[in-house]
Amino acid sequence: MPFTLCGPIIRQFLFLRVSNPVRLDKFICECTSLTRSLAKKALHRGEISCNGVVVTDPGFKVTEGMEICLDGEPITLVGERYLMLNKPVDTICSTIDEVYPSVLSLLAIEKPQTLHIAGRLDADTTGLVLITSDGQWSHRVTSPKKDCAKRYLVQLAEPVDNSLIAIFAAGVQLRGEEGLTKPAILEILEPQRVRLTITEGKYHQVKRMFAAVGNHVVGLHREQIGQIALDPALALGEWRYLTAAEIASI
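Residues numbered from 1 in each chain as written. Predicted model: local features only at pLDDT ≥ 70, side-chain atom pairs only at ≥ 80, totals over all residues. Heavy atoms only, no water.

For the protein, the count of helices and strands is 7 helices and 15 strands. On C-alpha atoms alone, the protein measures out to a radius of gyration of 23 Å, which is more than a quarter above the 18 Å that the 2.2 N^0.38 rule sets for 250 residues. Overall, the C-alpha framework of the protein stretches about 75 × 35 × 35 Å when taken along its three principal axes. A buried classification covers 44% of the 250 residues belonging to the protein. By sequence separation, contacts in the protein at least 24 residues apart represent 63% of the contacts at least 6 residues apart. Surface accessibility of the protein: about 12800 Å² in total, with carbon and sulfur atoms responsible for 54%. Both charge centroids of the protein, one from 27 positive and one from 28 negative side chains, sit 6 Å from each other. (Helix = DSSP H or I, 4+ residues; strand = E, 2+ residues; numbered from the N terminus. Rg over C-alpha atoms; globule rule 2.2 N^0.38 Å. Buried < 20%, exposed > 50% of the residue type's maximum accessible area, 1.4 Å probe, protein only. Contact = heavy atoms within 4.5 Å. Areas by Shrake-Rupley, 256 points an atom, 1.4 Å probe, with all protein chains shown as cover. Lys, Arg positive; Asp, Glu negative; His and termini not counted. Charge placed at Lys NZ, Arg CZ, Asp CG, Glu CD.)

What follows is the structure in structure tokens.
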């Protein structure tokens, strides 16, 4: 059966998914947006074939090497997926639309309901968002214990000087929090434009850190998560699949 692959990690996952026989109606549901009921109706109408032969039995067993077609077009298992998105403003990192549309609405992709966002951004924040169906991989991105660094480009209301570098490196006391933030790396690009790298994901953390030192964030853009940098070729609202090296870096 032909597969559309995105690196060796996904290749291994897909092989494991079809290593044991699976019911044809279940296979159709996993490959398409059809429900089990609609899959059975497609079978009864003779729209499904296996290696060129029409199959109508929902219990027919699909095994590795078979080519399954729906209306003459091959269908494949989706497998685990890993994407990067350049998030625009006025979208939210939620799986459903709320006040603003979900970032998932920007994806022209099969079975978006199996995806979730690995690390959120506010509606007014732009930049790198990682989206995946792999829960364990997502946990390595978001867990505070993993110290996965996130780098932001920050536009400030008031100018800052080099004294703030040491303050952020020592940790900042956020309002309503016990203890200091973990050490953060601050690079001053211009008096009101800085780059900040943190290893936590507290609620509104970047905005709260600058508020704690008497400043206000007026623009926020995430550039990098771990070793995965936002692809400069992606315009706001555009996305692509991660490379095998990017997936393995987390």
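Strand order in the open sheet made by the 4 strands is β3-β2-β5-β6, with antiparallel pairing throughout. Sheet topology places β3 (53–54) and β6 (73–74) at the edges, where each strand pairs with a single neighbour. Across 2 bridges, strand β2 (residues 48–50) lies against β3 in antiparallel orientation. Along β3, the bridge assignment pairs serine 49 with valine 54. (Pairing = 2+ DSSP bridges.)

Attention now goes to the pattern of salt bridges. For the structure on display, the rule yields 16 salt bridges. One salt bridge connects glutamate 187 with arginine 195, and the closest N-O pair in it is separated by 3.6 Å. Of the charged contacts, one joins glutamate 223 and arginine 195 as a salt bridge, the two residues approaching to 2.7 Å between their closest N and O atoms. In this pair, glutamate 223 sits in strand β13 (residues 217–225) while arginine 195 sits in strand β12 (residues 193–198), placing the two residues 28 residues apart along the sequence. A relative accessible area of 13% places glutamate 223 in the buried class. (Salt bridge = Lys/Arg side-chain N within 4 Å of Asp/Glu carboxyl O.)

Judged by nonpolar contacts, the single largest core of 30 residues is most densely connected at Ile131, Val154, Phe168, Leu196, Val206, Met209 and Phe210. Among the secondary structure elements, those contributing two or more residues to this core are β7 (82–87), β9 (126–132), β10 (150–156), α5 (163–170), β12, α6 (205–212) and β13. (Core = buried A, V, L, I, M, F, W, Y, C linked by side-chain atoms within 4.5 Å.)

With that out of the way, let us pick up the packing of helix α2 (residues 24–31) against helix α3 (residues 36–44). For the pair α2 and α3, interaxial distance at closest approach is 9 Å and the crossing angle is 115°. Relative to α3, α2 is oriented so that their crossing is right-handed. The residues of α3 that touch α2, namely those facing Leu24, Asp25, Lys26, Ile28 and Cys29, are Arg36, Ala39, Lys40 and Leu43. (Axes fitted to C-alpha atoms, helices over the stretch in contact; angles between N-to-C directions. Left-handed = near helix turned anticlockwise from the far one by under 90°.)

This paragraph deals with the environment of glutamate 64. As for its placement among the helices and strands, glutamate 64 is situated in the loop between β4 (61–62) and β5 (68–70). For glutamate 64, a relative accessible area of 36% translates into the label partly exposed. When the C-alpha positions of glutamate 64 and proline 21 are compared, they lie 7.8 Å apart, and in sequence the two are 43 residues distant.

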